[in-house]
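Structural characterization, general
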Amino acid sequence: MRRLLLLLMLGALVSCQPSSSSCVVIEALGIDRGFRVQGTNSADVTIRQGGCIEFVNVDPTGTLHLAQTKPNSGPPKDFSTPNLLPDPTQKERVVLNLAGEYEYICSLNTGNVVHARTMYGKITVR
Ligand SMILES: [Cu+2]
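Structure report, in brief. (Residues numbered from 1 in each chain as written. Predicted model: local features only at pLDDT ≥ 70, side-chain atom pairs only at ≥ 80, totals over all residues. Heavy atoms only, no water.)

**Some points on the coordination of the copper ion**
Those protein atoms acting as donors to the copper ion are His65 (ND1), Cys106 (SG) and His115 (ND1), and they sit at 2.0 to 2.1 Å. We note that the donor set of the copper ion lies within a single chain, spaced as H-x40-C-x8-H. For Cys106, a relative accessible area of 0% gives the class buried. A residue is classified by how much of its surface remains accessible, and His115, at 5% relative accessible area, is buried. (Donors = N, O, S within 2.8 Å, 3.2 Å for Na, K, Ca; no water. Buried < 20%, exposed > 50% of the residue type's maximum accessible area, 1.4 Å probe, protein only.)

So, in structure tokens, the structure goes:
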């Protein structure tokens, strides 16, 4: 019963998010091409405090990716998306309420440094 209630509450929270978002979209293009802010040639972006990012995996090779704050980079708050399937309809939203610099990387797990070497960027929140 409590479990059901929790699920209902979670459902309510999720449905509160606006369906048409004005988040900045950051695409994971692949190990060789890294991340790109959609419509630009850069993996770096500046957004307003309280703004949001949506990460999406568009890697044509079908490789899994994710986005997380770089360890020990000292962002105002760490974030990590779940694994992003190579499916453009799976967008993982990160809301950044604290100003500062967020260096982010792709790393499927802490032992996987290959992705992080080429897949990285910076989100500045003002
Ligand atoms: Cu990756």
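**Thoughts on unusual backbone geometry**
Backbone geometry places Asn72, a non-glycine residue, at a positive phi of 65°. Of note, Asn72 is situated in the loop between β5 (68-69) and β6 (91-96). (Helix = DSSP H or I, 4+ residues; strand = E, 2+ residues; numbered from the N terminus.)

**Regarding the state of the cysteines**
Under the definition given, this model contains 1 disulfide. Across a sulfur-sulfur distance of 2.0 Å, Cys23 and Cys52 are joined as a disulfide pair. Its torsion about the S-S bond being -95°, the disulfide of Cys23 and Cys52 is classed as left-handed. Placement of Cys23 in the loop between α1 (2-16) and β1 (24-30) and of Cys52 in strand β4 (residues 51-57) is noted, with a sequence separation of 29 residues between them. Given a relative accessible area of 16%, Cys52 falls into the buried group. (Disulfide = S-S within 2.5 Å.)

**So, the side chain of Thr124**
Mapped onto the elements, Thr124 comes out in strand β8 (residues 120-125). Leave out the neighbours within four places in its chain, and Thr124 touches Val45, Thr46, Ile47, Gly100 and Glu101. (Contact = heavy atoms within 4.5 Å.)

**Regarding the sheet that holds strand β3 (residues 45-47)**
An order of β3-β8-β7-β5 is seen for the 4 strands of this open sheet, with the pairing classed as mixed. Edge positions in the sheet fall to β3 and β5, since each of these pairs with one other strand and no more. Taken together, the 6 bridges between strand β7 (residues 100-105) and β8 define a ladder with antiparallel strand orientation. Among the inter-strand pairings, Tyr104 is bridged to a residue of β8, identified as Gly121. (Pairing = 2+ DSSP bridges.)

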